[in-house]
Amino acid sequence: MPRLCAPKGELVKKFIYFALVVFLMSVLLLGRETFSIAPSHVIPQTNRHPTPSPTPKPQSDGQTTVPPAEPIVFSLIMWSKSSATEGSLLIKSIIMYSSRPTDIHIICDDAAERVVRSRLSLLDRPLHQVRVWFYKPGWQGMLDRVEREGSIQTDHSAGLPGLMKLFIHEILPSNVTKSIFVDTDAFFISDPALLWNIFDTLRPKTSIVMASHPDQDSPEWNNASRICSCVMLLDLAKLRKDRLMHSSVYAKIKPDNPGKALSTAAFRAMYGLPGGDGKGRYTNVRLGDQGYWWAIVDYHKNIFEPLSFDFEVTSCLMDTYLTGLGADTITEEEELKHQIHIEHTPQEGKAVLPKLLHFNCLHGTDIYMNWPGWNDPKDSLNVRWGDAMRYHNGYKWIWLNQGDRKKPRHKLEMYTIDKVVFADEKALKRHMQHIQAGNNHGHHH
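Residues numbered from 1 in each chain as written. Predicted model: local features only at pLDDT ≥ 70, side-chain atom pairs only at ≥ 80, totals over all residues. Heavy atoms only, no water.

### What to know about the overall build of the protein chain
Part 1 of the reasoning: Assigned secondary structure in the protein chain consists of 14 helices and 11 strands.
Part 2 of the reasoning: For the protein chain, buried positions account for 44% of its 445 residues.
Part 3 of the reasoning: With an accessible surface of roughly 24,700 Å², the protein chain has 57% of that area assigned to carbon and sulfur atoms. (Helix = DSSP H or I, 4+ residues; strand = E, 2+ residues; numbered from the N terminus. Buried < 20%, exposed > 50% of the residue type's maximum accessible area, 1.4 Å probe, protein only. Areas by Shrake-Rupley, 256 points an atom, 1.4 Å probe, with all protein chains shown as cover.)

### Describing the packing of helix α10 (residues 262-271) against helix α11 (residues 289-299)
How two helices sit against one another is set out by the angle between their axes and by the gap between those axes.
Part 1 of the reasoning: In contact at an axis separation of 8 Å, α10 and α11 are set at 100° when each is read in the N-to-C sense. With respect to their mutual orientation, α10 and α11 come out roughly perpendicular. From α10, S263, A265, A266, F267, A269, M270 and Y271 reach across to α11, where they touch G291, Y292, W294, A295, I296, D298 and Y299.
Part 2 of the reasoning: Of the residues assigned to the contact of α10 with α11, the class counts are 11 nonpolar, 2 polar and 1 charged. (Axes fitted to C-alpha atoms, helices over the stretch in contact; angles between N-to-C directions. Parallel < 35°, antiparallel > 145°, perpendicular 65-115°, else oblique. Contact = heavy atoms within 4.5 Å. Nonpolar A, V, L, I, M, F, W, Y, C, P; charged D, E, K, R; others polar.)

### Quick look at the nonpolar core
Part 1 of the reasoning: If you look at the biggest cluster of nonpolar residues, it comprises 88 residues, and the most contacted ones within it are I91, V182, I208 and W293.
Part 2 of the reasoning: Ranked by residues supplied to this core, first place goes to strand β7 (residues 227-234) with 7 residues.
Part 3 of the reasoning: With residues up to four places along the chain from it excluded, the contact list for W293 reads K165, L166, I208, M210, I227, S229, M232, L234 and L244.
Part 4 of the reasoning: Counting residues in each nonpolar core, the second largest holds 21 residues, with Y321, I342, F359 and W374 among its members. (Core = buried A, V, L, I, M, F, W, Y, C linked by side-chain atoms within 4.5 Å.)

### Here we look at the state of the cysteines
Part 1 of the reasoning: Taken as a whole, this structure holds 2 disulfides when the rule is applied.
Part 2 of the reasoning: In this model C228 forms its disulfide with C230; the gap between the sulfur atoms is 2.1 Å. Measuring the twist about the S-S bond at about 140°, one finds the C228-C230 disulfide to be right-handed. Like C230, C228 is buried.
Part 3 of the reasoning: In this model C316 forms its disulfide with C361; the gap between the sulfur atoms is 1.8 Å. Torsion about the S-S bond of the C316 and C361 cystine: about -55°, corresponding to left-handed handedness. Placement of C316 in the loop between β9 (313-314) and α12 (332-338) and of C361 in the loop between β10 (356-358) and α13 (380-394) is noted, with a sequence separation of 45 residues between them.
Part 4 of the reasoning: We classify C361 as partly exposed; its relative accessible area is 38%.
Part 5 of the reasoning: Bonded cysteines in the protein chain are paired 1-2, 3-4 when counted in the order they occur along the chain. (Disulfide = S-S within 2.5 Å.)

### A short note on the pattern of salt bridges
Part 1 of the reasoning: Evaluated as defined, the whole model comprises 19 salt bridges.
Part 2 of the reasoning: One salt bridge in this structure joins D424 and R148, with 2.6 Å as the shortest N-O distance. Residue D424 is found in helix α14 (residues 423-444), and its partner R148 is found in helix α4 (residues 139-149); the two are separated by 276 residues along the sequence. Exposure class is identical for D424 and R148. Each is buried.
Part 3 of the reasoning: One salt-bridge network, held together by shared partners, links D110, E113, R117, K136 and D418. (Salt bridge = Lys/Arg side-chain N within 4 Å of Asp/Glu carboxyl O.)

### Topic: the confidence of the model for the protein chain
Part 1 of the reasoning: Confidence in the prediction of the protein chain, expressed as mean pLDDT, is 85, and 83% of residues score 70 or more.
Part 2 of the reasoning: Considering only residues more than four positions removed or in separate chains, one finds that residues 1-8, a stretch of pLDDT under 50, has 1 contact.
Part 3 of the reasoning: Across residues 27-62, where pLDDT falls below 50, the model places 19 contacts with residues more than four positions away in sequence or in other chains. (pLDDT = per-residue confidence, 0-100.)

### Considering the sheet that holds strand β6 (residues 208-212)
Part 1 of the reasoning: Read across the sheet, 8 strands follow the order β8-β6-β7-β4-β1-β2-β3-β11 without closing on themselves; strand pairing throughout is mixed. Only two strands of the sheet have a single partner each, and these edge strands are β8 (304-307) and β11 (412-417). When the angles between neighbouring strand axes are averaged without regard to direction, this sheet yields 25°.
Part 2 of the reasoning: Relative to β11, helix α3 (residues 110-120) is tilted by about 170°, and along the sheet it contacts β1 (72-78), β2 (102-108), β3 (130-135) and β11. (Pairing = 2+ DSSP bridges.)

### A closer look at the sheet that holds strand β5 (residues 186-188)
Part 1 of the reasoning: Strand order in the open sheet made by the 3 strands is β5-β10-β9, with mixed pairing throughout. Each end of this open sheet is capped by a strand with a single partner; those strands are β5 and β9.
Part 2 of the reasoning: Relative to β10, β9 runs parallel, the two being bridged by 2 bridges. The partner of T314 across the bridge, within β10, is H358.
Part 3 of the reasoning: Sheet contacts for α13: β5, β9 and β10; angle to β5, the most-contacted strand, approximately 80°.

### Things to note about the packing of helix α2 (residues 81-97) against α13
Part 1 of the reasoning: Put simply, α2 and α13 touch, their axes get as near as 9 Å, and they point 85° apart. Taken together, the axes of α2 and α13 are roughly perpendicular relative to one another. Counted together, L89, K92, M96 and Y97 of α2 and Y391, H392 and N393 of α13 form the full contact between these two elements.
Part 2 of the reasoning: For the contact of α2 with α13, a count of residues per class yields 4 nonpolar, 2 polar and 1 charged.

### Details of a nonpolar patch on the surface
Part 1 of the reasoning: Among the surface-exposed residues, L122, I398 and W399 lie close enough to one another that they form a single nonpolar patch of about 300 Å² accessible area.
Part 2 of the reasoning: By secondary structure assignment, the location of W399 is in the loop between α13 and β11. (Patch = residues over 30% accessible without salt bridge, like charges linked within 9 Å, V, L, I, M, F, W, Y side chains within 5 Å.)

### Some details on α3
Part 1 of the reasoning: Residues of α3 that are buried: A112, E113, V115, V116 and L120. Viewed along the axis of α3, the buried residues span an arc of 165°, placing them on a single side of the element.
Part 2 of the reasoning: Structurally, α3 contributes buried residues whose contacts are with β1, α2, β2, β3 and β11. (Arc of directions from axis to C-beta.)

### Overview of the side chain of S315
Part 1 of the reasoning: Along the chain, S315 falls in the loop between β9 and α12.
Part 2 of the reasoning: Here the side chain of S315 touches N360 through a polar contact of 2.7 Å, landing on its backbone oxygen.
Part 3 of the reasoning: In contact with S315, other than residues within four places in its own chain, are T320, H358, F359, N360, L362 and L381. (Polar contact = N/O pair within 3.5 Å; in protein donor to acceptor, adjacent residues only side chain to side chain.)

As structure tokens, then:
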């Protein structure tokens, strides 16, 4: 049977038609792909204080480099070998979970620095950059600053170093503008960036964030247990600008108008005149620095915001809200039903999802990891959190060497500042230099 052949001209027309269809379909698909990708590149407007990032610069090989992420900044206080042993576990957990570079500023003594350095010396190729500064104000330096403030003292076990929480903004250099403070008897079980990112959500005037427990009644402590200064977000730049703490040097700088510190009116509103007559020290403040922070945030409510209990799962008073390891398939709704100490608080209606554990009030030991209760299989805190403590405490420092063995991108950096000068002293020094410069200028004329 003979084959039927289409005329040559008709074949050419069919080929042109087919090519045209393929071309149009390609254009449509490319356009659709382009428009489906574009919206994901739009920068969201919800972040009110985005961190500026420089434009990536071309490398010599023609590739571009992604700018480094903003570091998460911590300010910690460790005074003694015991507190540094606890604090080292906190630092270990920060490095374990952090998804970004980390800057850690430690106010400490020589013994604490030796302990922390001995641990960090095992870390030579971290996954992300880690920088650590050790600040040595010295016992006399701390005494002198408290003396210049004139009204505060403490009967708390944390003693004089504990009061330095009120002066972190004066000890750290002015280019450190915000930081996370955490007590040494705590550690992270989540990415610290989750806590750091809260800074981007705060009101413009907020400078202090800590957990709020308005359900707590403690008249013997002036209700200072309604907050916990164990975990804080501090906007150091705002605390400097608003002058958190008083100093006698300001009267030397401006005798006619020395200005007032935020804390002065707050302390008097809650505790009266220091010493009863305005000439002594406060003897009615409890819980150390926390009693002073309580007066500040209770009086200046506009600079304070409460912190989610997720970041303050504490064994003291709160019983870690009766949450803990186990029942891994439980829903948030079921978890909320059996949690305690969250009614009539900012956390009400929201299940606590632990991100940082705080093991305070474990009496009878200087180092909470050595608490005898961890060996008691019937102790409720041990049942809930003992395995977490043992895992993080036993996690080897060398396991944090997660950078490339041959070409590690990051190294650990450590610096020591042996002579700390508080910000009030720096202000007086600048003032005297300004006067001297003016006198020299006058002599030339």
